[in-house]
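Report on the structure
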Amino acid sequence: MSNKTPDLRAAYSLKSPEENKRLYAEWAGDYDDNFAALEDYQLHIHTARAFVAAGGQGPVLDVGAGTGLCGAVLAGLGVGPIDATDISAEMLDQAMRKDIYRDAIEADLNQGLPVPRDSYAGVVSSGTFTHGHLGPEALPALLRVARPGAQFALSINAKHFEALGFSDAFGALEAEQISNLSFTEVRIYGELAAGPNKDDIALIALFEKG
Ligand SMILES: C[S@@+](CC[C@H](N)C(=O)[O-])C[C@H]1O[C@@H](n2cnc3c(N)ncnc32)[C@H](O)[C@@H]1O
(Lines give C-alpha, C1' and ligand atoms only; values in the text may rest on other atoms or scores of the structure.)
Protein backbone atom coordinates (compact mmCIF):
# COMPACT_ATOMS: atom_id res chain seq x y z
CA MET A 1 0.00 0.00 0.00
CA SER A 2 1.10 3.56 -0.68
CA ASN A 3 1.07 6.14 2.08
CA LYS A 4 -0.34 8.69 -0.40
CA THR A 5 -4.05 9.28 -0.92
CA PRO A 6 -4.65 8.70 -4.63
CA ASP A 7 -5.50 12.10 -6.06
CA LEU A 8 -4.02 14.59 -8.51
CA ARG A 9 -1.82 16.26 -5.91
CA ALA A 10 -0.26 12.92 -4.95
CA ALA A 11 0.11 11.94 -8.62
CA TYR A 12 1.97 15.16 -9.48
CA SER A 13 4.48 14.60 -6.66
CA LEU A 14 5.44 11.02 -7.56
CA LYS A 15 9.19 10.46 -7.72
CA SER A 16 9.68 7.11 -9.48
CA PRO A 17 8.02 4.40 -11.60
CA GLU A 18 7.63 2.31 -8.43
CA GLU A 19 5.69 5.14 -6.74
CA ASN A 20 3.51 5.40 -9.88
CA LYS A 21 2.75 1.68 -9.70
CA ARG A 22 1.74 1.92 -6.03
CA LEU A 23 -0.45 5.01 -6.40
CA TYR A 24 -2.28 3.82 -9.51
CA ALA A 25 -2.87 0.36 -8.02
CA GLU A 26 -4.95 2.16 -5.38
CA TRP A 27 -6.53 4.69 -7.73
CA ALA A 28 -7.61 2.33 -10.53
CA GLY A 29 -10.99 1.33 -9.06
CA ASP A 30 -12.39 4.84 -8.73
CA TYR A 31 -10.26 6.90 -11.15
CA ASP A 32 -13.11 7.31 -13.65
CA ASP A 33 -15.76 8.31 -11.09
CA ASN A 34 -13.77 10.12 -8.40
CA PHE A 35 -11.27 11.86 -10.64
CA ALA A 36 -12.31 12.08 -14.31
CA ALA A 37 -16.03 12.70 -13.79
CA LEU A 38 -15.68 14.88 -10.68
CA GLU A 39 -12.96 17.09 -12.17
CA ASP A 40 -14.62 17.27 -15.59
CA TYR A 41 -11.45 15.81 -17.17
CA GLN A 42 -11.32 16.58 -20.90
CA LEU A 43 -7.77 15.88 -22.04
CA HIS A 44 -8.46 12.39 -23.39
CA ILE A 45 -11.22 13.85 -25.59
CA HIS A 46 -8.98 16.63 -26.97
CA THR A 47 -6.17 14.14 -27.62
CA ALA A 48 -8.32 11.57 -29.44
CA ARG A 49 -10.03 14.25 -31.54
CA ALA A 50 -6.69 15.84 -32.48
CA PHE A 51 -5.37 12.44 -33.56
CA VAL A 52 -8.36 11.77 -35.79
CA ALA A 53 -8.42 15.33 -37.19
CA ALA A 54 -4.77 14.87 -38.22
CA GLY A 55 -5.75 11.76 -40.19
CA GLY A 56 -4.57 9.22 -37.59
CA GLN A 57 -5.50 5.58 -38.14
CA GLY A 58 -5.02 2.20 -36.50
CA PRO A 59 -3.36 0.15 -35.35
CA VAL A 60 -2.84 2.62 -32.50
CA LEU A 61 -0.86 2.39 -29.27
CA ASP A 62 -2.42 4.27 -26.30
CA VAL A 63 0.54 5.13 -24.04
CA GLY A 64 -0.15 5.39 -20.31
CA ALA A 65 -3.64 4.26 -21.24
CA GLY A 66 -4.74 4.06 -17.63
CA THR A 67 -8.39 3.06 -17.38
CA GLY A 68 -8.88 3.51 -21.13
CA LEU A 69 -10.55 6.92 -21.37
CA CYS A 70 -8.65 8.03 -24.48
CA GLY A 71 -9.07 4.65 -26.16
CA ALA A 72 -12.81 4.79 -25.56
CA VAL A 73 -13.06 8.14 -27.38
CA LEU A 74 -10.89 6.84 -30.23
CA ALA A 75 -13.02 3.72 -30.58
CA GLY A 76 -16.14 5.90 -30.62
CA LEU A 77 -14.60 7.83 -33.50
CA GLY A 78 -14.12 4.60 -35.45
CA VAL A 79 -10.38 4.13 -34.89
CA GLY A 80 -8.95 0.66 -34.30
CA PRO A 81 -7.45 -1.69 -33.44
CA ILE A 82 -6.06 -0.04 -30.29
CA ASP A 83 -3.53 -1.52 -27.86
CA ALA A 84 -3.09 -0.15 -24.33
CA THR A 85 0.23 0.11 -22.54
CA ASP A 86 0.75 1.22 -18.93
CA ILE A 87 3.01 0.54 -15.96
CA SER A 88 -0.02 -0.30 -13.79
CA ALA A 89 -1.61 -3.72 -14.12
CA GLU A 90 -4.61 -2.49 -12.12
CA MET A 91 -5.24 0.45 -14.48
CA LEU A 92 -4.90 -1.87 -17.49
CA ASP A 93 -7.36 -4.25 -15.89
CA GLN A 94 -9.92 -1.42 -15.77
CA ALA A 95 -9.11 -0.50 -19.38
CA MET A 96 -9.64 -4.04 -20.64
CA ARG A 97 -13.07 -4.18 -18.98
CA LYS A 98 -14.20 -1.44 -21.39
CA ASP A 99 -13.83 -3.99 -24.20
CA ILE A 100 -12.25 -1.57 -26.65
CA TYR A 101 -8.59 -2.63 -26.64
CA ARG A 102 -7.09 -5.49 -28.67
CA ASP A 103 -4.24 -6.05 -26.23
CA ALA A 104 -2.80 -4.76 -22.94
CA ILE A 105 0.96 -4.36 -22.57
CA GLU A 106 2.22 -3.86 -19.01
CA ALA A 107 5.51 -1.97 -19.20
CA ASP A 108 7.53 0.85 -17.68
CA LEU A 109 8.03 3.11 -20.67
CA ASN A 110 11.36 4.27 -19.24
CA GLN A 111 12.59 0.71 -19.87
CA GLY A 112 11.26 0.52 -23.44
CA LEU A 113 8.34 -1.45 -24.83
CA PRO A 114 8.24 -5.23 -25.41
CA VAL A 115 6.79 -4.73 -28.89
CA PRO A 116 8.44 -5.25 -32.33
CA ARG A 117 9.63 -2.09 -34.08
CA ASP A 118 7.30 -0.51 -36.69
CA SER A 119 4.15 -2.05 -35.13
CA TYR A 120 1.82 0.96 -35.07
CA ALA A 121 0.34 3.44 -37.56
CA GLY A 122 -0.57 5.77 -34.70
CA VAL A 123 0.46 6.62 -31.13
CA VAL A 124 -1.63 8.62 -28.64
CA SER A 125 -1.06 9.60 -25.04
CA SER A 126 -3.30 11.55 -22.70
CA GLY A 127 -2.30 12.73 -19.23
CA THR A 128 0.89 10.67 -18.93
CA PHE A 129 3.52 13.23 -19.94
CA THR A 130 2.98 15.25 -16.78
CA HIS A 131 4.49 16.08 -13.38
CA GLY A 132 5.74 12.95 -11.59
CA HIS A 133 5.21 10.68 -14.61
CA LEU A 134 7.04 10.59 -17.97
CA GLY A 135 9.57 13.00 -19.47
CA PRO A 136 10.99 13.48 -22.98
CA GLU A 137 13.45 10.59 -22.52
CA ALA A 138 10.48 8.24 -23.18
CA LEU A 139 9.96 9.55 -26.73
CA PRO A 140 12.55 7.33 -28.53
CA ALA A 141 10.83 4.16 -27.26
CA LEU A 142 7.60 5.36 -28.87
CA LEU A 143 9.29 6.20 -32.15
CA ARG A 144 10.82 2.71 -32.29
CA VAL A 145 7.44 0.95 -32.25
CA ALA A 146 5.86 3.39 -34.75
CA ARG A 147 5.90 2.78 -38.50
CA PRO A 148 7.42 5.34 -40.86
CA GLY A 149 4.72 7.99 -41.39
CA ALA A 150 2.88 7.04 -38.17
CA GLN A 151 0.75 9.85 -36.69
CA PHE A 152 1.40 10.87 -33.08
CA ALA A 153 -0.88 12.88 -30.74
CA LEU A 154 0.79 13.26 -27.34
CA SER A 155 -0.60 15.55 -24.65
CA ILE A 156 2.03 17.17 -22.42
CA ASN A 157 1.22 19.28 -19.36
CA ALA A 158 2.35 22.81 -20.27
CA LYS A 159 4.36 23.49 -17.08
CA HIS A 160 5.98 20.04 -17.33
CA PHE A 161 6.82 20.81 -20.99
CA GLU A 162 8.77 23.88 -19.88
CA ALA A 163 10.36 22.32 -16.80
CA LEU A 164 11.67 19.19 -18.53
CA GLY A 165 12.89 20.75 -21.77
CA PHE A 166 10.45 19.10 -24.19
CA SER A 167 11.10 21.93 -26.64
CA ASP A 168 14.78 20.97 -27.00
CA ALA A 169 13.91 17.26 -27.16
CA PHE A 170 11.43 17.81 -30.00
CA GLY A 171 13.92 20.13 -31.72
CA ALA A 172 16.52 17.34 -31.73
CA LEU A 173 14.01 14.77 -33.02
CA GLU A 174 12.78 17.17 -35.69
CA ALA A 175 16.27 17.24 -37.21
CA GLU A 176 15.98 13.66 -38.44
CA GLN A 177 13.26 11.50 -36.88
CA ILE A 178 9.94 13.39 -37.01
CA SER A 179 8.11 15.78 -39.36
CA ASN A 180 5.05 18.07 -39.47
CA LEU A 181 5.44 18.97 -35.77
CA SER A 182 2.80 21.29 -34.31
CA PHE A 183 1.49 22.10 -30.85
CA THR A 184 -2.08 22.95 -29.84
CA GLU A 185 -2.97 24.38 -26.42
CA VAL A 186 -5.98 22.86 -24.69
CA ARG A 187 -7.56 23.06 -21.25
CA ILE A 188 -7.13 19.81 -19.31
CA TYR A 189 -10.39 20.26 -17.38
CA GLY A 190 -13.84 21.54 -18.29
CA GLU A 191 -16.19 24.12 -16.85
CA LEU A 192 -17.30 21.88 -13.97
CA ALA A 193 -13.79 21.56 -12.52
CA ALA A 194 -13.29 23.25 -9.15
CA GLY A 195 -9.94 22.04 -7.78
CA PRO A 196 -6.64 23.95 -7.69
CA ASN A 197 -5.69 22.58 -11.13
CA LYS A 198 -8.94 23.54 -12.84
CA ASP A 199 -7.25 26.00 -15.23
CA ASP A 200 -4.27 23.79 -16.15
CA ILE A 201 -3.20 23.74 -19.77
CA ALA A 202 -1.66 20.98 -21.90
CA LEU A 203 0.03 21.05 -25.27
CA ILE A 204 -0.96 18.40 -27.76
CA ALA A 205 2.10 17.56 -29.84
CA LEU A 206 1.08 16.36 -33.30
CA PHE A 207 3.79 14.95 -35.55
CA GLU A 208 4.65 12.09 -37.87
CA LYS A 209 7.49 9.64 -37.66
CA GLY A 210 9.82 10.85 -40.41
C1 LIG B 1 -3.04 10.50 -15.21
S2 LIG B 1 -3.06 8.82 -15.76
C3 LIG B 1 -3.69 9.03 -17.44
C4 LIG B 1 -4.48 7.84 -17.87
C5 LIG B 1 -5.28 8.03 -19.17
N6 LIG B 1 -4.42 8.14 -20.33
C7 LIG B 1 -6.20 9.22 -19.07
O8 LIG B 1 -6.07 10.20 -19.82
O9 LIG B 1 -7.09 9.17 -18.19
C10 LIG B 1 -1.33 8.48 -16.05
C11 LIG B 1 -1.01 7.02 -16.39
O12 LIG B 1 0.40 6.91 -16.67
C13 LIG B 1 0.84 5.66 -16.18
N14 LIG B 1 2.31 5.71 -16.00
C15 LIG B 1 3.01 6.41 -15.08
N16 LIG B 1 4.32 6.18 -15.21
C17 LIG B 1 4.46 5.31 -16.25
C18 LIG B 1 5.59 4.68 -16.85
N19 LIG B 1 6.84 4.89 -16.40
N20 LIG B 1 5.38 3.83 -17.88
C21 LIG B 1 4.11 3.59 -18.33
N22 LIG B 1 2.99 4.15 -17.80
C23 LIG B 1 3.18 5.01 -16.76
C24 LIG B 1 0.07 5.49 -14.88
O25 LIG B 1 0.05 4.15 -14.44
C26 LIG B 1 -1.31 6.04 -15.26
O27 LIG B 1 -2.18 5.03 -15.70
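Keep in mind it's a predicted model, so treat the numbers as computed, not measured. (Residues numbered from 1 in each chain as written. Predicted model: local features only at pLDDT ≥ 70, side-chain atom pairs only at ≥ 80, totals over all residues.)

With respect to the site of the ligand
Around the ligand, 22 residues are found, and the nearest of them are Gly 64, Gly 66, Ser 88, Ser 126 and Gly 127. Put simply, the parts of the chain that give the shell around the ligand at least two residues each are helix 2 (17-27), helix 4 (43-53), helix 5 (69-76) and strand 4 (120-129). Residue composition of the shell around the ligand, by class: 10 nonpolar, 10 polar and 2 charged. (Near = placed C-beta within 6 Å. Helix = DSSP H or I, 4+ residues; strand = E, 2+ residues; numbered from the N terminus. Nonpolar A, V, L, I, M, F, W, Y, C, P; charged D, E, K, R; others polar.)

Considerations on the UniProt feature "domain: Methyltransferase" (unreviewed entry) in the chain
This chain's UniProt record puts "domain: Methyltransferase" (unreviewed entry) on residues 60-149. Annotated as residues 60-149, this span is 27% helix and 30% strand, and its ends, taken at the C-alpha atoms, are 13 Å apart. (UniProt positions renumbered as here; feature names shortened; annotations may be inferred.)

A few points about the nonpolar core
With 59 residues, the main nonpolar core has Leu 74, Val 123 and Val 124 as its most contacted residues. Residues contacting Val 124, with those up to four places away along its chain left out, are Thr 47, Ala 48, Phe 51, Val 60, Asp 62, Val 63, Cys 70, Leu 74 and Ala 153. (Core = buried A, V, L, I, M, F, W, Y, C linked by C-beta atoms within 7 Å. Buried ≥ 20, exposed ≤ 12 C-beta atoms within 10 Å, placed from the backbone. Contact = placed C-beta atoms within 7 Å.)

Observations regarding the sheet that holds strand 1 (residues 60-63)
Strand order across the open sheet formed by 7 strands is 3-2-1-4-5-7-6, with mixed pairing between neighbours. Strands with a single pairing partner mark the edges of an open sheet, and in this sheet they are strand 3 (103-106) and strand 6 (178-187). With strand direction ignored, the average angle separating the axes of adjacent strands in the sheet is 15°. For strand 4 and strand 5 (residues 146-157), the ladder comprises 6 bridges, and the chain directions are parallel. Pairing of Val 124 across the sheet is with Ala 153, part of strand 5. Here helix 4 sits on the sheet and contacts strand 4, strand 5, strand 6 and strand 7 (201-209); the angle it forms with strand 4, its principal contact strand, is near 160°. Sheet strands in contact with helix 9 (residues 166-176) are strand 5, strand 6 and strand 7, and its direction is about 155° off that of strand 6. (Pairing = 2+ DSSP bridges. Axes fitted to C-alpha atoms, helices over the stretch in contact; angles between N-to-C directions.)

Some thoughts on the packing of helix 4 against helix 5
Contact geometry for helix 4 and helix 5: axes closest at 8 Å, N-to-C directions at 40°. Comparing their axes, helix 5 and helix 4 come out oblique. Crossing geometry of helix 4 relative to helix 5 is assigned as right-handed. Contacts between helix 4 and helix 5 involve His 44, Ile 45, Thr 47, Ala 48 and Phe 51 from the former and Leu 69, Cys 70, Val 73 and Leu 74 from the latter. (Parallel < 35°, antiparallel > 145°, perpendicular 65-115°, else oblique. Left-handed = near helix turned anticlockwise from the far one by under 90°.)

Re unusual backbone geometry
With an omega dihedral of -5°, the bond running from Gly 58 to Pro 59 counts as a cis peptide bond. Here Pro 59 is to be found in the loop between helix 4 and strand 1. The residue after Gly 80, namely Pro 81, is reached through a cis peptide bond having omega -10°. Position of Pro 81 among the secondary structure elements: in the loop between helix 5 and strand 2 (82-86). At Asp 99, a residue that is not glycine, the phi angle is positive and equals roughly 60°. Mapped onto the elements of the fold, Asp 99 is located in the loop between helix 6 (89-97) and strand 3.

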